[in-house]
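Observations on chain architecture
For reference, the chains in residue letters:
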Amino acid sequence: MRQYSRAAAAAVALAATARATNSSSLATLCTVAHVQSALPANGTLLGIDMIPSSVTAKTATSSGYEYCDVSVSYVHTGSSDEVVLNYGFPSPEIFANRFYVAGGFGYSLGTSVTGGLEYGAVGAATDAGYGALTGTTVDEVNILGNGTINWDPIFMFAYKGLGDMTTIGKPLTRAFYNLDDEAKVYTYFEGCSDGGRQGMSQVQRYGDLYDGAVIGAPAFRYGQQQVNHLFSAVVEQTLDYFPPPCELEKIVNATISACDPLDGRTDGVISRSDLCQLEFNLTSVIGESYYCAATTSTSLGFNFGKRNDGTQTTTTPAQRGNVTAEGVAVAQAIYDGLFNSQGERAYLSYRIGAEFTDAETEYDNSTKSWGLDIPSTGGEFVGRFIELLDVDNLDNLNNVTYDTLVSWMNEAMVLYMDTLQTTLPDLTNFQSSGGKIIHYHGESDPSVPTASSVHYWQSVMKIMYPSLGSSKAIEQMKEWYQLYLVPGAAHCARNSLQPNGPFPEDNMATMIKWVESGVQPTGLNATVDAGAYDGEVQQLCQFPKRPVWKKDAWKCESDDEGADTFYYTFPAFKLPVY
């Protein structure tokens, strides 16, 4: 993270010298009266009525930065649904005419207002009208009772809460610092996982409010994405084989060892999962021995166990054996992805070499055998968001087939098409307003399939540039929307199984240079922080180009056959899946 901090500091310093800052002190500005005077007047923001009497303001410090911590509430016109907003205004001497929105994770919205301080930016957070600021997650309030959807928090979580927050925050920022009419307030979003989905929701619906968005592994396409977490367990049930976790771990590690050199450098990282998918046969692992010592582990789900008191502890015995044909069949079926009984593809899966997180089985001490362990990431979504029952998970997967999963996916896609699906592909408003996107995704992500991001990028390209050939459309896209796959990386993080893999750490500084100085990225910095390559900075390739190690350096080359392994269509659905 050292490089990230230096880049952020440099960006703040550049802005401070390039633009005049307000001569007032923070103490002068950080008063209830001043904030009240800076609020957008009621009637100026359609559908939003501010509550001036709700304002609080106090100075605070975070990581050495002094800021004004502000709280204010509003209601939607004609309703009584009070929504609380928090803003963090940096000292005038470091304010760089920026507004920064950070995404949350799982079913949570972001709660901190200090993430933008290092960029000289105002930060913001919203309780979305259902207590998000104090830890309430949308899966706790999405139903009013069995069978009845509570739509208000779903809409607010899906996109409207953050949209309102930014709609209010930008004019509030201008007035707080007494900016003149010519001064630009650059507005940025940064988030990963559902935070990435939240960012895409803003780009899609409030495009003219944002100048740049850094989007990581977005958990959009909710209907397919969340149900897909059950796919691995249904594969095991269908094939009637429940592999010990150590067997699957051996398959993954053997795959990494075999596919590591395919990119031209043996460094413990699969930088070319496409070549691995094309050239490596999992059956070659059959018969290899595995051993794992007994362990006691604690796991967290999609929502970090919020509805399950935070944690789930599991004790497993020592595991010893040889990789079986049945184990490889399970692994291969998972990597192949979901098809219905007519052989039509319904959804994609994780790249070869990714961990089998959703396929982890549970040890039954009474029978001394491994059995089904239903991932709550998928089970809770089906139970609460599709079946509309007040449950934390499904009790069983009895009679659940691949067709059942497809049916659930279709039902959820239609039900939440205008909220949680978050796949609107027409970004004309954002693009025509000068907006930029840096979109990245770990190539060994075991939670949100890597090709999920590729599919959306491809959908945007097809909708935005329907009359251009692919090469010309790609050239047009990279001027404002760039997609990067991170070799070996897991979900929004480094990968313990491929620790020598790089990870991007200065994305926002890169975005600021692109938006404010016109420096269009030709690659994305990613730093290695382990092993023999510790400190190495690699330039990630803009998709569809792929990395290859040649003459002691990483190169980005076109490989149509390799890129094709990331492209999917979904004929199992009659509606288009963007």
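Residues numbered from 1 in each chain as written. Predicted model: local features only at pLDDT ≥ 70, side-chain atom pairs only at ≥ 80, totals over all residues. Heavy atoms only, no water.

On to the overall build of the chain, then. Of the regular secondary structure elements, the chain holds 18 helices and 23 strands. Referenced to the eigenvectors of the C-alpha coordinate spread, the extents of the chain come out at roughly 70 × 60 × 50 Å. Taking all contacts inside the chain whose residues are at least 6 apart in sequence as the whole, residues at least 24 apart take part in 71%. As displayed, the chain offers around 22300 Å² of accessible surface, 49% of which is attributable to carbon and sulfur atoms. Charge separation in the chain, taken as the distance between the mean sites of 34 positive and 64 negative side-chain charges, equals 8 Å. (Helix = DSSP H or I, 4+ residues; strand = E, 2+ residues; numbered from the N terminus. Contact = heavy atoms within 4.5 Å. Areas by Shrake-Rupley, 256 points an atom, 1.4 Å probe, with all protein chains shown as cover. Lys, Arg positive; Asp, Glu negative; His and termini not counted. Charge placed at Lys NZ, Arg CZ, Asp CG, Glu CD.)

Under the defined criterion, the tally for this structure stands at five disulfides. Paired through a disulfide, Cys 30 and Cys 68 show a sulfur-sulfur distance of 2.1 Å. Since a negative S-S torsion denotes a left-handed disulfide, the Cys 30-Cys 68 link at about 80° is right-handed. Placement of Cys 30 in the loop between helix 2 (26–29) and helix 3 (32–38) and of Cys 68 in strand 2 (residues 65–76) is noted, with a sequence separation of 38 residues between them. Just as Cys 30 is buried, Cys 68 falls in that class too. Covalently, Cys 541 is tied to Cys 556 through a disulfide, its sulfur atoms 2.1 Å apart. Between Cys 541 and Cys 556, the disulfide has an S-S torsion of -90° and is therefore left-handed. Of this pair, Cys 541 sits in the loop between strand 21 (537–540) and strand 22 (546–550) while Cys 556 is found in strand 23 (residues 553–557), placing the two residues 15 residues apart along the sequence. Its relative accessible area of 6% is what places Cys 541 among the buried residues. Numbered by position along the chain, the disulfide-linked cysteines of the chain connect as 1-2, 3-8, 4-7, 5-6, 9-10. (Disulfide = S-S within 2.5 Å. Buried < 20%, exposed > 50% of the residue type's maximum accessible area, 1.4 Å probe, protein only.)

With their axes 9 Å apart at the nearest point, helix 5 (residues 151–176) and helix 6 (residues 194–205) run at an angle of 60° to one another. For the element pair helix 5 / helix 6, the angle class is oblique. As for the relative orientation of helix 5 and helix 6, their crossing is right-handed in sense. Along its contact with helix 5, which presents Phe 157, Ala 158, Tyr 159, Leu 162 and Gly 163, the element helix 6 presents Asp 194, Arg 197, Gln 198, Ser 201, Gln 202 and Arg 205. Per-class residue counts for the contact of helix 5 with helix 6 are four nonpolar, four polar and three charged. (Axes fitted to C-alpha atoms, helices over the stretch in contact; angles between N-to-C directions. Parallel < 35°, antiparallel > 145°, perpendicular 65-115°, else oblique. Left-handed = near helix turned anticlockwise from the far one by under 90°. Nonpolar A, V, L, I, M, F, W, Y, C, P; charged D, E, K, R; others polar.)

Counted under the stated rule, the structure contains 16 salt bridges. Between Lys 250 and Glu 288 there is a salt bridge, and its shortest N-O distance comes to 3.5 Å. Placement of the pair is Lys 250 in helix 9 (residues 245–259) and Glu 288 in the loop between helix 10 (273–279) and strand 10 (289–292), with a sequence separation of 38 residues. Given the relative accessible area of 24%, Lys 250 is considered partly exposed. (Salt bridge = Lys/Arg side-chain N within 4 Å of Asp/Glu carboxyl O.)

The subject of this paragraph is helix 16 (residues 470–477). Buried within helix 16 are the following residues: Ala 473, Ile 474 and Met 477. The arc that holds the buried residues of helix 16, viewed along the axis, is 100°, so those residues lie on one side. Facing away from the buried side of helix 16, by more than 90 degrees, are the exposed residues Ser 471 and Lys 472. Taken together, the buried residues of helix 16 touch helix 15 (450–464) and strand 19 (481–486). (Arc of directions from axis to C-beta.)

Attention shifts here to the pairing of strand 2. The element strand 2 is extensively covered by neighbouring structure, given that nine of its 12 residues are classed as buried. Here 11 bridges tie strand 1 (residues 48–62) to strand 2, and the two strands are oriented antiparallel to one another. The residue of strand 2 that forms the bridge with Ala 60 is Tyr 67. Following strand 1, the chain reverses through two residues before pairing antiparallel with strand 2; Ser 63 in that reversal takes a positive phi of roughly 50°. Where strand 2 lies against strand 3 (residues 83–90), eight bridges are found, and the strand directions are antiparallel. Looking at strand 3, one finds that Ser 73 is bridged to Val 84. The antiparallel pairing of strand 2 with strand 3 creates a hairpin that spans six residues between the two strands, and Gly 78 there sits at a positive phi of about 90°. (Pairing = 2+ DSSP bridges.)

Quick look at the domain arrangement of the chain now. According to the domain assignment, the chain consists of domain 1 (24–178) and domain 2 (224–296 + 312–416). Taken over C-alpha atoms, the centre of domain 1 sits 40 Å from the centre of domain 2. Contacts between the two partners involve 11 residues from domain 1, matched on the other side by 10 residues from domain 2. Across the interface of domain 1 and domain 2, roughly 940 Å² is buried in total on both sides, 57% from carbon and sulfur atoms. It is Tyr 107, Asp 139 and Ile 143 in domain 1 that bury the most area against domain 2; as a group they hold 43% of the surface buried on that side. The interface formed by domain 1 and domain 2 holds zero salt bridges in total. The interface formed by domain 1 and domain 2 holds four residue pairs in polar contact (both at pLDDT 80 or more) in total. (Domains from an automatic or database assignment. Buried area = accessible area lost by both parts, 1.4 Å probe. Polar contact = N/O pair within 3.5 Å; in protein donor to acceptor, adjacent residues only side chain to side chain.)

What follows concerns the confidence of the model for the chain. Any segment with low pLDDT has predicted coordinates that should not be analysed in fine detail. The predicted model of the chain has a mean per-residue pLDDT of 94, with 93% of residues at 70 or higher. The low-confidence segment residues 14–21, where pLDDT is below 50, has 11 contacts with residues more than four positions distant or belonging to other chains. (pLDDT = per-residue confidence, 0-100.)

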